[in-house]
Amino acid sequence: MRAFRSRTFLGGAASACIQRPHPLPTPSSPVRAASSLLRRRGASHLRPSIRDSVLSRCYSTDRKSSKPPPFAFAFDIDGVLLHVAKPIPGATQTLAYLQEHNIPFILLTNGGGKHETERVADLSSRLGVPLTTDNFVQSHTPFRELVHGPAGAALKDKNILVTGSDAAHCRRIAEQYGFRHVITPADILAAQPTIWPFEPLMAQLYAATARPLPSPNPKIDAIFVFNDPRDWALDIQIILDLLQSRGGVLGTYSARNGRADLEGCGWQRDGQPPLYFSNPDLLWSAAYHLPRFGQGAFQAAVAGVWREVTGGKAPLRRTVIGKPHARTYGFAERVLDAHRAALLGVASEGGKMDALRTVYMVGDNPASDIRGANEYASPVGTQWTSVLVRTGVWDPERGGEPAYKPKAIVDDVRGAVKWALEREGWDGKGLTG
């Protein structure tokens with residue numbers, strides 16, 4: 001795994017450069033965010049133990065120490081804070097404790113399918129603590145950087161294809177990010193029904209959400225998988241059509257495909273659109289008692305069909321972000337640094353503070369959360385320390401020892417934070433269960 005370095009490209013020379021979040025979330029006052037949350041939803045959604053004091057406690061600036069804590073936390077969500085949309089015991093109290101003591105944290109998830117503002121509002125309600133987008137990164141958040149890229153690589157005014165669990169909703173997210181010309185598989189199917197010679201699985205949904213194509217055979221400049229698609233068959237057909245096209249033009253076929261005299265036998269060497277996946281998770285923790293397939297399974301299916309089409313002569317060229325990839329950890333670290341500066345008053349006071357010494361990554365998936373933290377090399381020297389919880393994907397009785405070893409294994413998120421605080425010399429009073 002290559003470590004993140006500034007000025008590395010998200011998808012090679014044909015895509016935008018990740019240098020800093022673009023735009024970085026504008027730090028907002030957590031107290032204003034909490035006030036807004038209470039005005040919109042009332043206080044009834046907050047748990048009784050924190051409802052009466054949420055505004056005075058949330059990132060309380062009067063508790064700010066002269067020397068900010070040199071550590072922070074990054075939390076996965078599903079299997080760490082929530083299970084089937086319900087708080088895991090101790091999660092609410094743990095986040096409230098960190099807010100009360102001005103200890104920065106970020107929510108870093110491979111989930112997606114909702115805009116960040118929508119997801120944060122939902123999490124605030126479910127967890128009973130006020131949260132903001134300032135310290136939240138989900139799998140497709142870094143796609144925002146591809147709206148505005150280096151000269152010639154910006155996708156703001158280009159045609160892009162998006163898909164996911166609800167492609168129409170993914171289109172709206174992409175448009176909120178700033179992409180202006182967003183196409184979904186439903187648009188293509190409605191315009192060219194013969195592209196898929198079988199009965200569509202979601203015909204009514206496609207008919208209700210399809211928009212006219214900009215031209216009968218538009219040129220597609222990038223393909224984005226925002227989260228776990230539902231209609232794998234149609235999506236794979238359209239994606240592979242475009243990966244074999246001439247210059248990304250729908251309905252064409254490149255004469256370079258399969259030429260032994262060209263690099264990669266000519267596959268994906270004729271201006272085809274870059275392919276982006278927002279996370280590699282093969283499995284995730286859902287309501288069923290065994291883990292379920294995630295976007296990583298869809299990616300494996302695309303790669304498997306591609307291998308058959310090309311006769312194994314050329315591996316599928318694609319860009320994958322999300323945990324455990326270093327680009328996502330680098331993006332998250334920059335967001336966390338900006339959030340920490342605003343939280344501790346450094347940004348508004350024009351001061352400076354030392355870089356974080358340690359970020360504790362608390363997760364339930366050894367292959368993403370733990371591996372990513374173990375392998376990420378921070379450009380500013382921050383040490384990412386992995387902590388594995390027993391409340392999610394990993395189960396020692398089913399999977400044995402984790403393939404990627406965490407620094408610590410604990411029962412739950414409260415135990416993870418207690419372990420980290422003790423390691424940092426904090427007593428952790430108030431984190432009792």
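Scroll up a little and you will see the structure.
Residues numbered from 1 in each chain as written. Predicted model: local features only at pLDDT ≥ 70, side-chain atom pairs only at ≥ 80, totals over all residues. Heavy atoms only, no water.

Moving on, we come to the pairing of strand E8 (residues 159-163). Of all 5 residues in E8, 5 are buried; the element is thus mostly enclosed. In E8, alternate side chains face the same way, and those of Asn159, Leu161 and Thr163 on one face and Ile160 and Val162 on the other are all buried. Taken together, the 3 bridges between E8 and strand E9 (residues 181-183) define a ladder with parallel strand orientation. The partner of isoleucine 160 across the bridge, within E9, is valine 182. (Buried < 20%, exposed > 50% of the residue type's maximum accessible area, 1.4 Å probe, protein only. Helix = DSSP H or I, 4+ residues; strand = E, 2+ residues; numbered from the N terminus. Pairing = 2+ DSSP bridges.)

Per the stated rule, a full pass over the model turns up 14 salt bridges. When the shortest N-O distance is used, the salt bridge between lysine 323 and aspartate 76 registers 3.1 Å. Of this pair, lysine 323 sits in the loop between strand E14 (319-320) and helix H11 (326-343) while aspartate 76 sits in the loop between strand E3 (71-75) and strand E4 (82-83), placing them 247 residues apart in sequence. In this pair, the class of lysine 323 matches that of aspartate 76, namely buried. A salt bridge links arginine 390 to aspartate 411; the shortest N-O distance between them is 2.8 Å. Here arginine 390 is found in the loop between strand E16 (383-389) and helix H14 (396-399), whereas its partner aspartate 411 is found in the loop between strand E17 (408-410) and helix H15 (413-423), with 21 residues between them in sequence. Overall, the relative accessible area of 42% leaves arginine 390 in the partly exposed class. Linked by salt bridges that have partners in common, Asp76, Lys323 and Asp369 make up one network. (Salt bridge = Lys/Arg side-chain N within 4 Å of Asp/Glu carboxyl O.)

The subject of this paragraph is the sheet that holds E16. Ordered by their spatial adjacency, 6 strands build an open sheet running E7-E6-E3-E15-E16-E17, and the pairing between neighbours is parallel. Each of the sheet's edge strands pairs with one partner strand only, and the pair in question is strand E7 (136-137) and E17. In this structure, strand E15 (residues 358-363) lies alongside E16, joined through 6 bridges in parallel fashion. In the strand pairing of E16, valine 359 is matched with tryptophan 384.

One open sheet holds the 5 strands; their spatial order is E9-E8-E10-E11-E14, and the pairing between them is parallel. Here the strands that pair on one side only, and so sit at the sheet edges, are E9 and E14. Of the strands in this sheet, E8 and E9 touch helix H6 (residues 167-177), which is tilted by about 135° from E8. (Contact = heavy atoms within 4.5 Å. Axes fitted to C-alpha atoms, helices over the stretch in contact; angles between N-to-C directions.)

This next bit is on helix H9 (residues 232-243). Residues spaced three or four apart along an α-helix face the same direction, because each turn holds 3.6 residues. Taking 1.5 Å as the rise per residue, H9 with 12 residues should run 16 Å; its terminal C-alpha atoms sit 16 Å apart, in good agreement. Considered for burial, the residues of H9 that qualify are Leu234, Asp235, Ile236, Ile238, Ile239, Leu240, Leu242 and Leu243. (Expected span 1.5 Å × (residues − 1).)

Going through the model one piece at a time under the given rule, you end up with 20 aromatic pairs. Taking 6.3 Å as the distance between ring centres and 70° as the angle between the ring planes, the aromatic pair formed by phenylalanine 224 and phenylalanine 226 counts as edge-to-face. Residue phenylalanine 226 is classed as buried on the basis of its relative accessible area of 0%. Note on tryptophan 232 and phenylalanine 298: the rings are 5.5 Å apart at their centroids and 70° apart in plane angle, and the pair reads as edge-to-face. Of this pair, tryptophan 232 sits in helix H9 while phenylalanine 298 sits in helix H10 (residues 295-310), and the two are 66 residues apart along the sequence. Overall, the relative accessible area of 0% leaves phenylalanine 298 in the buried class. What links up through ring pairs into an aromatic cluster is the set Phe71, Phe73, Phe75, Phe105, Tyr360, Trp419 and Trp426. (Phe/Tyr/Trp six-rings, centres within 6.5 Å; stacked < 30°, edge-to-face > 60°.)

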